[in-house]
Amino acid sequence: IRNVPPGSYLLTAAGLRGAGLEAQVALEVGDHDIENVTLDMRAGSKVEGRLIWPDQPGNEERNRAVQIGARYPPPSDHSRFSGVDPDGKCRLSGLLPGPYRVVVANLPPGMYARSAKVGKQDIFEEGLRPGGDGILEVAISADAAELRG
């Protein structure tokens, strides 16, 4: 790639459609050529997850609208989203090595994602790193604050 201005870049490669192979590497371009960049093409990882509601019964209808997402930091647009099944389970697939920011969309009014953890790891603080053991547990709370301005 010629004539790249200095700056921070994320070089991304993807296999042919359906192959499921992808790779990314962060590059810092300065005043000299960069050589021998290696992209390790791999199939993305999967992360199993589940929502934990404050009132466990009767969440099937709420689960249908909720989306769980993993957003890769900018400048990449490598984000993945998953619906949630009636039992509150989800699966994010095709994830490159992280960290990702976990987002929860389409929650009912007054509710928010209180915590996201894999084991004891706080995902909101440390980011989601696919490939490890454990289930992503996202706890929902019904006591969202209201802000007026």
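Look above for the structure.
Now for a look at the structure at hand.

About the criteria used
Residues numbered from 1 in each chain as written. Predicted model: local features only at pLDDT ≥ 70, side-chain atom pairs only at ≥ 80, totals over all residues. Heavy atoms only, no water. Pairing = 2+ DSSP bridges. Helix = DSSP H or I, 4+ residues; strand = E, 2+ residues; numbered from the N terminus. Axes fitted to C-alpha atoms, helices over the stretch in contact; angles between N-to-C directions. Salt bridge = Lys/Arg side-chain N within 4 Å of Asp/Glu carboxyl O. Buried < 20%, exposed > 50% of the residue type's maximum accessible area, 1.4 Å probe, protein only. Polar contact = N/O pair within 3.5 Å; in protein donor to acceptor, adjacent residues only side chain to side chain.

Spatially, β7-β4-β11-β9-β10 is the arrangement adopted by the 5 strands of the open sheet, whose pairing is mixed. Unpaired on one side and paired on the other, β7 (89-95) and β10 (121-122) mark the two borders of the sheet. Two elements, strand β9 (residues 112-118) and strand β11 (residues 136-141), share 6 bridges in a ladder whose sense is antiparallel. Residue pairing for β11: V118 is matched across the bridge by L136.

To continue, consider the sheet that holds strand β6 (residues 79-83). The 3 strands are arranged β6-β5-β8 in an open sheet whose pairing can be described as antiparallel. Every interior strand has two partners, whereas the edge strands, β6 and β8 (101-105), have only one. The mean angle between the axes of side-by-side strands here comes to 20°, regardless of whether they run parallel or antiparallel. Sheet analysis places strand β5 (residues 67-71) next to β6, joined by 5 bridges and oriented antiparallel. Paired with G69 across the two strands is F81, which belongs to β6.

A few words now on the pattern of salt bridges. Counted by the stated rule, this structure contains 3 salt bridges. In this structure, the salt-bridge partner of E48 is R91, at a minimum N-O distance of 2.7 Å. One end of the pair, E48, is in strand β4 (residues 45-52); the other, R91, is in strand β7, with 43 residues separating them in the sequence. The partly exposed category is assigned to E48, whose relative accessible area is 34%. Residue classification places R91 among the partly exposed residues on the basis of a relative accessible area of 46%. A salt bridge links E137 to R50; the nearest nitrogen and oxygen atoms lie 2.6 Å apart. Taken together, the residues E137 in strand β11 and R50 in strand β4 connect sequence positions 87 residues apart.

As paired elements, β9 and β10 share 2 bridges and run antiparallel to each other. Its bridge partner being in β10, K117 is matched across the sheet by D122. The antiparallel hairpin formed by β9 and β10 contains 2 residues in its connecting segment, where G119 sits at a positive phi of about 65°.

A few words on unusual backbone geometry. Its identity is not glycine, yet N36 carries a phi of approximately 60°, on the positive side. Its identity as a non-glycine residue notwithstanding, N106 has a phi of 70°, on the positive side. With respect to the helices, strands and loops of the structure, N106 is situated in the loop between β8 and β9.

On to the environment of H32, then. Relative to the helices and strands, H32 is located in the loop between β2 (21-29) and β3 (42-43). On the basis of relative accessibility, which here comes to 54%, the residue H32 falls in the exposed class. For the pair H32 and P6, spaced 26 residues apart in sequence, the C-alpha to C-alpha distance is 9.2 Å.

A separate point is the environment of V4. Residue position: V4 is located in the segment before β1 (7-14). Exposure remark for V4: the relative accessible area of 32% places this residue in the partly exposed category.

Quick look at the side chain of S82 now. Here S82 is to be found in strand β6. One polar contact links the side chain of S82 to the main-chain carbonyl oxygen of R91, over a distance of 3.2 Å.

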